[in-house]
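So the chains spell out like this:
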Amino acid sequence: LIIIDDCSTDSTLSIVKSYEDSRIKIVEKEQNTGYTNSLNNAILIAKGKYIARMDGDDISMPERFEQQLQFLENNPEIILCGTGVEIIGENRISKYPLNHEMIKIQLCYNASFYHPTIMIRRLVLLENNYNKEFEPAEDYELWTRLVHIGKLANLDEVLLQYRIHQSQTSNVRKQEQENYIFNCQIQMLDRLNISVFFSLHQIKKALNFSVDTSFEEVKTTLQIFDRLLKTNNKLQVFNKDLFEISIENKKIFFLRNYLYKSNRKLIVNFFQLLSLISF
């Protein structure tokens, strides 16, 4: 158990040191250098065949390591696997796609793993470190590289309790994270040469519906989806049938939200107009 303490200000160290177990290795950093450096440092220290990681405020189920280890041993083509999670305090279960082809498509739009759930082959991580330049989306960026190196998977079982709170990095550095996430999405989608035909601004609008979306932007978004589908049919970067389903679902989601927004505007305008009419 490798614990990297990045200059914590709570009782982490005293709790860890209260356990007398030679298998526990504690690294006390003299200066806070960020968690990406801590992750890469832990990878160098680790000696096992596999690496499982998690954050200090999440809870792994007792059978987590056993199930992931058995899965990776039985499926040598899989280089990384995650699991489903239970959101602490919300009584809610959340899961990502299970098989490699769906994970690959999902990475075009969103992350495909809960980072604290992953178990990965150590040699893969030694050759593919976390990229600090993408922090706080360093995990997403790593998945976009690994998905082209070997097969990825998620177990259907819920094997970790995941904590969401306002002080975590994804909330504190939200805008910065969103920018890096979009860079990861472009890395995936540009395998279909999409930025040759559309601007980054247009692609970002297509991936992220907003209430200020105009009718012209809706048309452009549909053109982007059609271009992605057409190019993939030719290049076969993603599974043809699964990618077509994902694109159709994206179209439906975008149109449904745009029509809902438009109807809401029409209703508001109608009542505003009605208030001006004297009977």
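Up top is the structure these notes are about.
The rules we used
Residues numbered from 1 in each chain as written. Predicted model: local features only at pLDDT ≥ 70, side-chain atom pairs only at ≥ 80, totals over all residues. Heavy atoms only, no water. Axes fitted to C-alpha atoms, helices over the stretch in contact; angles between N-to-C directions. Helix = DSSP H or I, 4+ residues; strand = E, 2+ residues; numbered from the N terminus. Parallel < 35°, antiparallel > 145°, perpendicular 65-115°, else oblique. Contact = heavy atoms within 4.5 Å. Nonpolar A, V, L, I, M, F, W, Y, C, P; charged D, E, K, R; others polar. Phe/Tyr/Trp six-rings, centres within 6.5 Å; stacked < 30°, edge-to-face > 60°. Pairing = 2+ DSSP bridges. Core = buried A, V, L, I, M, F, W, Y, C linked by side-chain atoms within 4.5 Å. Buried < 20%, exposed > 50% of the residue type's maximum accessible area, 1.4 Å probe, protein only. Disulfide = S-S within 2.5 Å. Salt bridge = Lys/Arg side-chain N within 4 Å of Asp/Glu carboxyl O.

## Notes on the packing of helix α6 (residues 138–146) against helix α8 (residues 174–189)
Following both chains from N to C, one finds α6 and α8 inclined at 10°, their axes separated by 9 Å at the closest point. Of the possible angle classes, the one that applies to α6 and α8 is roughly parallel. Contact residues: α6 offers Y140, E141 and T144, while α8 offers I181, C184, Q185, Q187 and M188. Partitioned by chemical class, the residues of the contact of α6 with α8 number four nonpolar, three polar and one charged.

## Re the packing of aromatic side chains
By the definition in use, this model includes five aromatic pairs. On the numbers, 5.3 Å between centres and 65° between planes, the contact of F113 with W143 is edge-to-face. Residue F113 is located in the loop between α4 (100–106) and β7 (119–121), and its partner W143 is located in helix α6; the two are separated by 30 residues in the primary sequence. Taking the centre distance of 5.6 Å and the plane angle of 50° together, the rings of F134 and Y180 count as tilted. Residue F134 is located in the loop between α5 (122–127) and α6, and its partner Y180 is located in helix α8; the two are separated by 46 residues in the primary sequence.

## Comments concerning the pairing of strand β8 (residues 151–162)
Two elements, strand β4 (residues 59–60) and β8, share two bridges in a ladder whose sense is antiparallel. By the bridge assignment for β8, S60 is matched with L160. In this structure, strand β5 (residues 78–87) lies alongside β8, joined through eight bridges in parallel fashion. For G84, the partnering residue across the bridge sits in β8 and is V158.

## Remarks on the nonpolar core
Formed by 51 residues in total, the largest nonpolar core has its most connected members in L80, L146, I203, L228 and F243. A per-element tally of this core places α8 first, with five residues. Sequence-distant contacts of L146, that is, excluding residues within four places in its chain, are made with I79, L80, I120, V124, N128 and L152. Residues Y50, C81, M119 and A153 belong to the second largest nonpolar core, which totals six residues.

## Regarding the state of the cysteines
All told, the structure shown has zero disulfides when counted by the stated rule. Just so you know, C108 is unpaired, no disulfide at all, and the nearest cysteine sulfur is the one on C184, 12 Å from it. Overall, the relative accessible area of 0% leaves C108 in the buried class.

## Some words on helix α2 (residues 35–45)
For α2, the complete set of buried residues consists of T36, S38, L39, N40 and I43. Those residues of α2 hidden inside the fold are in contact with β1 (2–5), β3 (50–52), α5 and α6.

## Some points on the pattern of salt bridges
All chains considered together, the criterion is met by 16 salt bridges. R173 is the salt-bridge partner of E176, the closest N and O atoms lying 3.0 Å from each other. For R173, a relative accessible area of 25% gives the class partly exposed. The partner of K205 in a salt bridge is E217, with the nearest N and O atoms 3.9 Å apart. Placement of the pair is K205 in helix α10 (residues 200–207) and E217 in helix α11 (residues 215–235), with a sequence separation of 12 residues.

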